[in-house]
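In case you want the letters, here they are:
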Amino acid sequence: MARYIIPSVTISAIYGVYKSYWPDTNDKKKILSVEDAVKLLNVNSNTSEALRYIQHTESKEFLKTLNPAAVALLARSGSELCMKIPIKSCVDQKIDVSKALSKFNLGDKWNSSIEWINRVACPEEDLSCSDEWLVRLPSQIERLRRMLQLLFLTTEKSFDVSAIDVDVIPFLFNVYAEFYRSNVDIAVLAMKILSNIVGADEKYAKSMLDSEWLPLISAMVMNGKSLMERLLSHKICQNALSSLKSIDYRLPSDIYEMHLPDEEPEFDIVLIHGLRGSVAYTWRQKDSDENLLSTCWPKDWLPLDIKRPFRIIGLEYPSYIFHFTGTQQSLQSRSERFKEQLQTAGIGKRPVLFICHSMGGLLAKKLLIDSPDLLQNTVGVLFIATPHKGSPVANWGYSVFQPTEDVIMLSESNVKNKKLNDDFSAVSKKIPVIVSMVETMESNIIANAKSIVVPNKSAVFEQGAVYHIADVHLNLCKPTRDSASYGVIINFLQDCFRESDKRRKA
């Protein structure tokens, strides 16, 4: 296969390639009445047209005839009609925290923690007790966070639904309502638990769709104050549809659906972030911590610039530079975890494309080595500054504190990384499109020290085209819409689509 080493200054000349046009082949029958639209929504068919039709219907009586799955579709679309559907109040139920948590049979330590969470610093009848002592202590909030984390870990796997009462739905709403201003992490954790719960059984999904969660989730789909809120609200709707048997896949705890087209997708694009990255940060345009809603280019730009239906999936995993306490995830354990989760999310049913930043490329290689079926369906991999042969910056980690297994894996002399690269090279010829993107500007490392994080000799894979981009390591996956790096991404996708079409015709 021919190889091309292309500097960024030449990419603008080929950027216009992505303007290809595919005619609309939608021949679905026209909707003539509200009754037609409701029938389609209730069976999840031609939903985009049905939703558009009912949005302009003056009478809202039809809302009473929608089944739970149709209501979930309304919420997923961010429809304001969700504000008009009768619901049950969660706050009015005045759920006692200890009573709600005690319904979850998770062991003795769980029960003792419940008592601690609800203990105040002094008795309420003590008139000398100031108001600030009647709120939760910081230690109690931390204990609540840990218990919610345990509940999250319990519900991300298959669990006995009889062990967790349906009152978990209003309980989680009350947790969110109490902390969404003062402790965002706890509020987001409540949403993550909800996404697991509603995907486990239809009783939870129906309870959520009949509660104050409905208008809140619907509003957050389009207007969430952060990208994570928007992704989680969509995920909650999708998992509710899964348990209601309206769709044939579920989004596990580490999988986020960043884009879903109106029609059946032809491809799945899988994004894998690197060391210390995340779904909600890595794939956003250059931004700051204060700007939580800067453009997420895969979600906001790709559907406009690529005229074919595709789904975008983002993988999320924790990764750190230094190790202090606790267990660490290895590349092997992550591969095994994501292999199962991707199957649950329906990845592998159609052609797959991977876009990976830095260490995310190593995880993609391990996934493809360990999953022959996934490898067979993969038509392209874009490596963005992936350290195939390690990084000189990783060696610095050995001199300060104790590096994590991730940092050790990234060292230039690491035997496991060398074997990974050799093993992937042995199967990479089965992937028709492989592209490497290389950084050419030094990054700030520490103090006044600067360095190329992943040098050319490590970032260039032995197969496929290579593009040198004038930017630093972290910003290589944060393009502007007219940048060289975005042009590479668009052309990579177009090449993958053409190769997939060839496979289909063969």
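Remember, it's a predicted structure, so these values are computed and weren't measured experimentally.

A. Inspection of helix α1 (residues 34-42) at higher detail. The set of residues buried in α1 consists of V34, A37, V38 and L41. When α1 is viewed along its axis, its buried side chains cluster within an angular range of 100 degrees and face the same direction. Away from its buried face by more than 90 degrees, α1 exposes E35 and K39. Its buried side turned inward, α1 meets α2 (47-55) and α3 (68-76). Where α1 terminates, the next one or two residues include N44, which has phi positive at roughly 55 degrees.

B. Structural context of the packing of helix α7 (residues 168-179) against helix α8 (residues 184-198). Close contact between α7 and α8 brings their axes to 8 Å; oriented N to C, the two are set at 160 degrees. Considering their axes alone, α7 and α8 lie roughly antiparallel with respect to each other. Seen along the crossing, α7 lies across α8 with a hand that is left-handed. Here V168, I169, L172, V175, Y176 and F179 of α7 come into contact with α8, specifically with V184, I186, A187, A190, M191, I193, L194, I197 and V198. Among the residues making up the contact of α7 with α8, the classes are represented as 15 nonpolar, no polar and no charged.

C. Molecular detail of the packing of helix α10 (residues 213-223) against helix α11 (residues 227-243). The contact between α10 and α11 brings their axes to 7 Å, and the two run at 130 degrees. By the angle between their axes, α10 is oblique relative to α11. Here the hand of the crossing between α10 and α11 comes out left-handed. Residues I217, M220, V221, M222 and N223 of α10 pack against E229, R230, S233, H234, I236 and C237 of α11. Counted by class, the contact of α10 with α11 contains 6 nonpolar, 3 polar and 2 charged residues.

Cut-off values and rules
- The written sequence of each chain sets the order in which its residues are numbered from 1.
- Confidence filtering applies because this is a predicted model: local features only for residues at pLDDT of at least 70, side-chain atom pairs given and counted only at 80 or more, and all residues used for totals across whole chains, interfaces and linings.
- Only heavy atoms go into the side-chain values, all of them from the structure, while hydrogens and water stay out.
- With a 1.4 Å probe rolled over the protein chains alone, any residue whose accessible area is under 20% of its type maximum counts as buried; one over 50% counts as exposed, and the rest are partly exposed.
- Numbering of helices and strands starts at the N terminus; helices are DSSP runs of H or I of at least 4 residues and strands are runs of E of at least 2.
- The reported arc concerns the directions from the helix axis to the C-beta atoms and nothing else.
- By definition, residues are in contact when any of their heavy atoms lie within 4.5 Å.
- Think of each axis as a best-fit line through the C-alpha atoms, taken over the contacting stretch in the case of a helix, with angles from 0 to 180 degrees between the N-to-C directions.
- Note on terminology: angles under 35 degrees are roughly parallel, angles over 145 are roughly antiparallel, angles of 65 to 115 are roughly perpendicular, and the others are oblique.
- Note: crossing handedness is left-handed where the near helix turns anticlockwise from the far helix by less than a right angle, and right-handed where it turns clockwise.
- Gly counts as polar in this scheme, as do all residues outside two lists: the nonpolar Ala, Val, Leu, Ile, Met, Phe, Trp, Tyr, Cys and Pro, and the charged Asp, Glu, Lys and Arg.

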